[in-house]
Amino acid sequence: MSHSAEPLPMTARRSGPLTGEAKVPGDKSISHRALILGALAVGETHITGLLEGQDVLDTASAMRAFGARVERLGEGEWRVDGVGTGGFAEPEGVIDCGNSGTGVRLIMGAMATTPITATFTGDASLSRRPMGRVTDPLEQFGCEVTAREGKCLPVTIKGAADPVPVRYRTPVASAQIKSAVLLAGLNAPGETVVIESEPTRDHTERMLAGFGASIRTETTDEGHVITLQGRPELKPQPVAVPRDPSSAAFPVAAALIVPGSEIRVPGVSRNPTRDGLYATLLEMGADITFENPREEGGEPVADLLVRHGPLKGVTVPPDRAASMIDEFPILSVIACFAAGATVMQGVHELRVKESDRIDAMAVGLRANGAKVEDSPDSMTVHGQGGLTGGATCATHLDHRIAMSFLVAGLASEQPIRVDDGGPITTSFPDFLPLMRGLGAQID
Ligand SMILES: O=C(O)C1=C[C@@H](OP(=O)(O)O)[C@@H](O)[C@H](O)C1
Ligand SMILES: C=C(OP(=O)(O)O)C(=O)O
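Parameters and conventions
- Residues numbered from 1 in each chain as written.
- Chains lettered and ligands numbered in written order.
- Predicted model: local features only at pLDDT ≥ 70, side-chain atom pairs only at ≥ 80, totals over all residues.
- Heavy atoms only, no water.
- Domains from an automatic or database assignment.
- Contact = heavy atoms within 4.5 Å.
- Buried area = accessible area lost by both parts, 1.4 Å probe.
- Near = heavy atom within 4 Å.
- Polar contact = N/O pair within 3.5 Å; in protein donor to acceptor, adjacent residues only side chain to side chain.
- Areas by Shrake-Rupley, 256 points an atom, 1.4 Å probe, with all protein chains shown as cover.
- Helix = DSSP H or I, 4+ residues; strand = E, 2+ residues; numbered from the N terminus.
- Nonpolar A, V, L, I, M, F, W, Y, C, P; charged D, E, K, R; others polar.
- UniProt positions renumbered as here; feature names shortened; annotations may be inferred.
- 1 Å grid on protein atoms, 1.4 Å probe; cavity = no way out; pocket = protein on both sides within 12 Å on 5 of 7 lines; lining within 4 Å.
- Buried < 20%, exposed > 50% of the residue type's maximum accessible area, 1.4 Å probe, protein only.
- Pairing = 2+ DSSP bridges.
- Right-handed = clockwise from strand over helix to strand, strands pointing away.
- Points joined across faces, edges and corners; volume = space filled by probe spheres on them.
- Sits in = over half its atoms within 2 Å of the grid points.

## Some words on the domain arrangement of the protein
Parsing the protein into structural domains produces domain 1 (10-26 + 243-442) and domain 2 (28-230). For domain 1 versus domain 2, the separation of C-alpha centres amounts to 28 Å. Taken together, the contact between domain 1 and domain 2 spans 26 residues of the former and 27 residues of the latter. Counting the surface lost from both domain 1 and domain 2, the interface buries some 2,100 Å², and carbon and sulfur atoms represent 47% of this.

## A short note on the site of ligand 1
Near ligand 1, the surroundings consist of S29, R33, T102, A173, S174, A175, Q176, R201, I325, D326 and K353. Here an oxygen atom of ligand 1 sits 2.7 Å away from a polar atom, N or O, in the side chain of S174. Side-chain polar atom of K353 to an oxygen atom of ligand 1: 2.7 Å apart, as the coordinates give it. Expressed as a share of its isolated accessible area of 380 Å², the protein-covered part of ligand 1 is 94%. When contributions to the shell around ligand 1 are tallied by element, the ones reaching two or more residues are α1 (28-40) and α5 (175-185). Split by residue class, the shell around ligand 1 holds 3 nonpolar, 4 polar and 4 charged.

## Some words on the UniProt feature "binding site: 3-phosphoshikimate" (unreviewed entry) in the protein
Taking the UniProt record as the reference, the feature "binding site: 3-phosphoshikimate" (unreviewed entry) is found at K28, S29, R33, S174, Q176, D326 and K353. Considering only the residues just annotated, the largest pocket is lined by K28, S29, R33, S174, Q176, D326 and K353. Here K28 lies in helix α1. Along the chain, D326 turns up in the loop between β18 (315-316) and α9 (328-336). Residue D326 is classed as buried on the basis of its relative accessible area of 12%. For D326, the residues in contact, after removing those within four places along its chain, are R201, S246, K353, R357 and R400.

## A look at the pairing of strand β19 (residues 339-345)
Here 2 bridges tie β18 to β19, and the two strands are oriented parallel to one another. Directly across from T315, in β19, lies its bridge partner V343. Handedness of the β18-α9-β19 crossover: right-handed. Bridge analysis of β19 against strand β21 (residues 378-384) gives 7 bridges, and the strand direction is antiparallel. Residue pairing for β21: A341 is matched across the bridge by H382.

## Digging into the layout of surface pockets
Here the largest pocket is characterised by a volume of approximately 620 Å³. As for the largest pocket, its lining consists of 40 residues, and the residues nearest its centre are A173, S174, A175, I325 and K353. For the lining of the largest pocket, the secondary-structure elements that each account for two or more residues are α1, α3 (101-111), α5 and α11 (399-409). Of the residues contributing to the lining of the largest pocket, the split by class is 10 nonpolar, 13 polar and 17 charged. Approximately 510 Å³ is the volume found for the second largest pocket.

## Structural notes on the environment of F428
Structurally, F428 can be placed in the loop between β23 (416-418) and α12 (431-438). Note: C-alpha distance between F428 and E52 (376 residues apart in sequence) is 8.4 Å. In this view, F428 contacts V24, P25, S247, P251, M403 and L434; residues no more than four positions away in its chain are not counted.

## A few points about α9
Among the 9 residues of α9, 9 are classified as buried, and the element is accordingly described as predominantly covered. Of the residues making up α9, those classed as buried are F328, P329, I330, L331, S332, V333, I334, A335 and C336.

## Brief notes about unusual backbone geometry
The omega torsion across L153 and P154 is -5 degrees, close enough to zero to call that bond cis. Along the chain, the position of P154 falls in strand β9 (residues 152-158). One non-glycine residue with positive phi stands out, namely R231, at about 55 degrees. Along the chain, the position of R231 falls in the loop between β13 (223-229) and β14 (239-240).

## What to know about the site of ligand 2
Surveying the vicinity of ligand 2 reveals 13 residues, the closest of which are K28, T102, R129, E354 and R400. Contact distances for ligand 2 include 2.5 Å between an oxygen atom and a side-chain N or O atom of T102. Note that an oxygen atom of ligand 2 is positioned 2.9 Å from one of the side-chain N or O atoms of Q176. For ligand 2, whose accessible area on its own is 300 Å², the fraction buried by protein is 99%. Under a 2 Å grid-point criterion requiring more than half of the atoms, the pocket assigned to ligand 2 is the largest pocket. Those elements that place two or more of their residues in the shell around ligand 2 are α3 and α11. When its residues are assigned to classes, the shell around ligand 2 shows no nonpolar, 6 polar and 7 charged.

Here it is as C-alpha cells:
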C-alpha cells in the first residue's frame, strides 16, 4: 500500500548530546525473505523481530493473496503457514507492493515459475523504477510478462507452466535480481545458476540453506557463482531477525555528528555483505566499538558503542558500493561534518532507488550550505566540519532521504526541514520516538 497522500513535513533542530540506547527495528531485507520463504515452505514458520514497516507489511499481504496463512502473534512475532514450492494460488486482486523494490522484485521471482497470473503495482516512486532487470531473466524460465512502457509497473506475469532452469549473469550488482532468479529457480527442475561480478547481500542464500535447499556459492574466474538445486521441499525454520544495520546508520550518524553524544545500538547485523558503511566510518576515524560479537539466527551481530569525535574525509572504493548501497545518503551527511573530501565512487545504482539519491542529496545538501559535486556514477562532499542548514529538502517519497536530512538538522547551525517524512514508515516506523528518546529535537 502507498502511504497517505497528505505530505507530512518535519523539522530537525540543533540538539544537545544524544545519549542512551537505540533499539533499531528488524532487518528489512531479512524480514521480506522470512515471509516469502515461510510462504513457500511446507508448514509453520515462526518469525521474531520482524520489521513491521509498510514495505514488509505489503509483502505479508501479498503472501496472503498467494494463499499462505500469515498471522501476527505479537510485536514483531509472526507465524506463516506455507503452501510449499510451486504451491502459490492465483491472487484475486492486484498485488500492491507500495514503495518496495525488494518486495515486488522478489515476489515476481517467487511466482514466475508457477502456472498462475498476477499483476503487480506500487506507488509513484516504485512505478518509476526499472523492472526489466528482473522480468528479463524471469522470461528465460518461460513465464510471459507484460509491462508498461520502459518495463515499469504495472507488470503482469503469467507464470511458466513448464519452467526450465536458468543460468544468469547479473548485469548490475543487485541482490534483488539475484534473489528473484533464485526464487524462480526454486520451482524449476535442475540447477539454476546466478553469477555476479561483485558479491551482494547474501540473505536469500543463507535463508534458503537454512530452510533446507541445496545451494552453494563459489568464487571462480567467472565471478561469484551461486548454484541452486530446484524443487526442494523447504522446511520451516524459526527465524530471529537481527536489527537492521541500514536503519542503525541513522542514530549512529547522529551520535557521530552531534557533539558530546554517546549511544549504544544493540544486536545489529554485521553480515559482511552489509558492512561497508561501518568499514568506511572507521576509516574516517569514527569512535565506534563493536561489543559482544555473536551469532543470532544465522547472522553475525554485535552491540555498537558510538561516540562523537573528529572525522576526516575518505575515498570509498567502487567495489565497496554494494555492501553499503542504502547508506550513501547518510554517509553524504556525515561527510559534511568531516574535514576534507569524501569521494563516493561506483554509485550509479543510487539513481534508480526510491528516488535519484545522488541528485536528492546533492540538491538538498547544497541548499543547506554544503559543497557537493556529482557525476552519473559518483558523489564528492567537501567536508567543512559542519553545515549551515536553514533550507527545506524534497524527499521524493524516499524514506532514506527524509531520515538523512533530519539527522543533518540535529547538528547544523539552522534547522533543516523535510517536505514529507511520511515515507519513513516504510523501513523505520519508530524513527521519531527513538530519535527523540536519545535527545534529538525533531518535530
Ligand atoms: O535485496 C534486498 O533486500 C535489497 C537490495 C538492494 O537493492 P538492489 O538489489 O537493487 O541493489 C537494496 O538497495 C535494497 O534496499 C534491499
Ligand atoms: C532501496 C531500498 O529499498 P527497496 O529497493 O526495497 O525499495 C532501501 O530501503 O533503501
